[in-house]
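# Working through the structure, step by step
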Amino acid sequence: MPNGVKIVHRRTPSPVAYIGVMVGAGTRDELPEENGMAHYIEHCVFKGTAHRTGRQLIQSIEGIGGEINAYTTKEETTFYAAILTSHVQLALRLIAEMLREPGFKKDETDKERMVIMDEIESYNDSPSELIYDDFESLVFAGSPLAMPVLGTKKTLRHISSKPEYARRWMEEHYRPERMVVFCQGDVSPDRFFRLAEHEFGSLAAPDHIGSKTRARREQPDGQPRVTADDTILNPERERTFKRHTHQVHAMVGGHAYPLGHEKQLGMFLINNILGGGSLNSRLNLSLRESKGLVYTVESVYTPLSDTGYWCVYWACDPGDFERSLELVKQELEHLRTRPMSETALRKAITQLRGQLAVSAQNQENTALSMAKSMLYHGHAPQWDEIVDKISKTSAQTLFDIANEMFSDANYYILTYK
């Protein structure tokens with residue numbers, strides 16, 4: 001639209017539509033003293049607007065059998081609803097009202113601060129989730145990306161002390177050019193575009209804000225930030241916490257390619273081979289099926305707008321930690337020293353193609369992926385476009401990626417003992 005808001009729509013035959021707004025504002029846009037602000041705002045806009053109470057907002061959607069939800073990441077905050085296509089206009093109107101006219105009534109936001117503090121405690125009780133935050137803090141030390149999405153109790157008390165703090169932050173960061181209005185379902189494109197223009201076409205930054213949005217601090221381009229002669233024992237890249245857990249929880253990983261990088265899809269493929277969500281991944285076969293050392297082992301690749309990271313997570317008995325770490329390092333080394341055969345590569349591509357096809361049937365995931373792609377690239381590819389690109393990946397490309405990503409120069413280790 002002329003004001004910079006992007007609109008993206010994918011028509012599908014489903015009677016259920018996923019509709020919402022993705023805002024390019026998250027934890028990395030916060031100052032240290034306002035850590036948790038993006039997530040706090042996500043919660044608070046559900047507590048009421050200038051015209052409706054929080055209960056009325058929820059009832060408006062759930063009363064017609066729909067669902068409304070939101071989430072915050074390091075780089076985005078997303079609000080969306082799943083509703084019958086006949087209720088698309090209502091859902092979009094309510095989401096727009098939440099973002100344009102949040103109430104921020106002190107008695108309601110104080111309640112939500114306590115809810116978030118309970119969420120923090122719950123997170124602290126779940127080492128398999130908390131370790132991801134701590135690992136990001138290790139890999140991105142000195143960067144806003146190192147801050148936790150939930151913030152801390154101290155910062156929450158500060159940012160919730162005055163409603164104008166949150167209101168001002170929204171004015172600075174919920175700008176038209178950072179927004180994507182999205183819809184997936186059996187809705188006419190022309191109709192959806194008209195609805196989006198009606199709700200968001202006149203949106204503009206307040207006059208007192210103008211173009212003064214705080215710029216994001218740039219991150220590295222996904223390459224290791226340490227020298228090749230560093231070792232895995234570098235104290236700046238190894239951290240151990242006492243968590244008093246029955247098992248040792250561990251994570252190994254490092255920096256990786258950002259969104260849109262030419263090797264991003266190759267990295268997704270090699271991650272799937274290493275420890276993706278299948279039982280025949282190399283790590284699962286080695287640590288669980290063959291040796292019985294772990295119940296869960298997985299690898300994750302998380303690309304961000306200008307950086308990213310990869311990691312391997314597992315939990316095991318304390319006496320099995322050293323052996324498990326050795327096996328993880330062996331699998332990483334195999335990918336670095338043994339190029340895949342053409343037969344193994346074709347099998348890996350066939351498996352990922354099938355997984356993507358199944359994933360494409362999940363309307364919620366595809367709608368959110370579509371919005372994110374539009375936010376950063378102005379284009380929302382179909383799954384078959386992605387598969388076609390992955391199918392052209394060569395064994396040499398994967399070998400090069402493994403040597404760039406899994407070298408000793410790009411190793412960080414975090415353990416809970």
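Our structure is the block above this text.
## A closer look at the overall build of the protein chain
Along its length, the protein chain carries 15 helices and 10 strands. Relative to the 2.2 N^0.38 estimate, which gives 22 Å for 417 residues, the radius of gyration of the protein chain is 22 Å and therefore close to what a compact globule would have. Structurally, the protein chain occupies a C-alpha span of about 60 × 45 × 40 Å along its principal axes. Evaluated residue by residue, the protein chain yields a buried proportion of 52% over its 417 residues. Counting contacts in the protein chain only where the partners sit at least 6 residues apart, residues at least 24 apart contribute 83% of the total. Total accessible area on the protein chain is roughly 18800 Å²; 50% of this is exposed by carbon and sulfur atoms.

## Thoughts on the sheet that holds strand β10 (residues 412-416)
Sheet strands pair via backbone hydrogen bonds, and the direction of the pair is either parallel or antiparallel. Strands sit in the order β6-β10-β7-β9-β8 across an open sheet of five strands; the sheet is mixed. Pairing within the sheet leaves two strands with one partner each, and these edge strands are β6 (238-241) and β8 (294-303). Here the strands of the sheet are splayed against their neighbours by 10° on average, with no regard to which way each runs. The pairing of β6 with β10 spans four bridges and is parallel. In the strand pairing of β10, Arg 239 is matched with Leu 414. Against the sheet, helix α10 (residues 282-290) engages β8 and β9 (308-316), with an angle of about 160° to β8.

## Thoughts on the packing of aromatic side chains
Taken as a whole, this structure holds 12 aromatic pairs when the rule is applied. Taking 6.2 Å as the distance between ring centres and 45° as the angle between the ring planes, the aromatic pair formed by Tyr 132 and Tyr 313 counts as tilted. Of this pair, Tyr 132 sits in helix α5 (residues 127-139) while Tyr 313 sits in strand β9, and the two are 181 residues apart along the sequence. This pair shows no difference in class: Tyr 132 is buried, exactly as Tyr 313 is. Both rings, one in Trp 310 and one in Phe 406, keep their centres 4.7 Å apart while their planes meet at 70°; by these two values the pair is edge-to-face. Remark: Phe 406 occurs in the loop between α15 (395-405) and β10 and Trp 310 occurs in strand β9; sequence separation between them is 96 residues. Residue class for Trp 310 comes out buried when judged on its relative accessible area of 1%. According to the relative accessible area criterion, Phe 406 is buried, its value standing at 1%. These aromatic residues form a ring-pair network of at least three members: Phe 46, Phe 79 and Tyr 174. Between Arg 237 and the ring centre of Tyr 412, over which it is positioned, the NZ or CZ distance is 5.7 Å.

## Some points on the side chain of Ser 14
For Ser 14, the location among the structural elements is in the loop between β1 (6-11) and β2 (16-23). Look past the residues within four positions of Ser 14 in its chain and what remains in contact with it is Thr 85, Gly 185, Asp 186 and Gln 363.

## Here's the deal with unusual backbone geometry
One non-glycine residue, Phe 104, adopts positive backbone phi at about 50°. Assignment of secondary structure puts Phe 104 in the loop between α3 (88-100) and α4 (106-124). Phi is positive for His 244, which is not a glycine, with a value near 55°. Note on placement: His 244 falls in the loop between β6 and β7 (248-255).

## What about helix α11 (residues 321-337)?
Since there are 3.6 residues in each turn of an α-helix, residues three or four apart along the chain are aligned in direction. Look at α11: 24 Å from first C-alpha to last across 17 residues, which is about the 24 Å you get at 1.5 Å a residue. Residues of α11 that are buried include every one of Phe 321, Ser 324, Leu 325, Leu 327, Val 328, Glu 331, Leu 332, Leu 335 and Arg 336, and no others.

## Some thoughts on the packing of helix α9 (residues 264-275) against helix α12 (residues 342-359)
Axis separation between α9 and α12 bottoms out at 10 Å; the angle between their running directions is 100°. Classed by the angle they form, the pair α9 and α12 counts as roughly perpendicular. Of the residues in α12, those touching α9 at Leu 269, Asn 272 and Ile 273 are Leu 345, Ala 348, Ile 349, Gln 351, Leu 352 and Gln 355. Of the residues in the contact of α9 with α12, the class split is six nonpolar, three polar and no charged.

## Some thoughts on the environment of Ala 81
Turning to its location among the elements, Ala 81 is positioned in strand β4 (residues 77-84). Distance from Ala 81 to Glu 67, taken between C-alpha atoms, is 5.5 Å for residues 14 residues apart in sequence. Beyond its immediate chain neighbours, meaning those up to four positions away, Ala 81 contacts Ala 17, Tyr 18, Ile 19, Glu 67, Ile 68, Ala 91 and Ile 95.

## Describing the environment of Gln 89
Relative to the helices and strands, Gln 89 resides in helix α3. The spatial distance from the C-alpha of Gln 89 to the C-alpha of Ala 196 is 9.0 Å, given a sequence separation of 107 residues. Those residues in contact with Gln 89 that sit more than four places away from it in its chain are Arg 191 and Leu 195.

Conventions used here
- Residues numbered from 1 in each chain as written.
- Predicted model: local features only at pLDDT ≥ 70, side-chain atom pairs only at ≥ 80, totals over all residues.
- Heavy atoms only, no water.
- Helix = DSSP H or I, 4+ residues; strand = E, 2+ residues; numbered from the N terminus.
- Rg over C-alpha atoms; globule rule 2.2 N^0.38 Å.
- Buried < 20%, exposed > 50% of the residue type's maximum accessible area, 1.4 Å probe, protein only.
- Contact = heavy atoms within 4.5 Å.
- Areas by Shrake-Rupley, 256 points an atom, 1.4 Å probe, with all protein chains shown as cover.
- Pairing = 2+ DSSP bridges.
- Axes fitted to C-alpha atoms, helices over the stretch in contact; angles between N-to-C directions.
- Phe/Tyr/Trp six-rings, centres within 6.5 Å; stacked < 30°, edge-to-face > 60°.
- Lys NZ or Arg CZ within 6 Å of the ring centre and 35° of its normal.
- Expected span 1.5 Å × (residues − 1).
- Parallel < 35°, antiparallel > 145°, perpendicular 65-115°, else oblique.
- Nonpolar A, V, L, I, M, F, W, Y, C, P; charged D, E, K, R; others polar.

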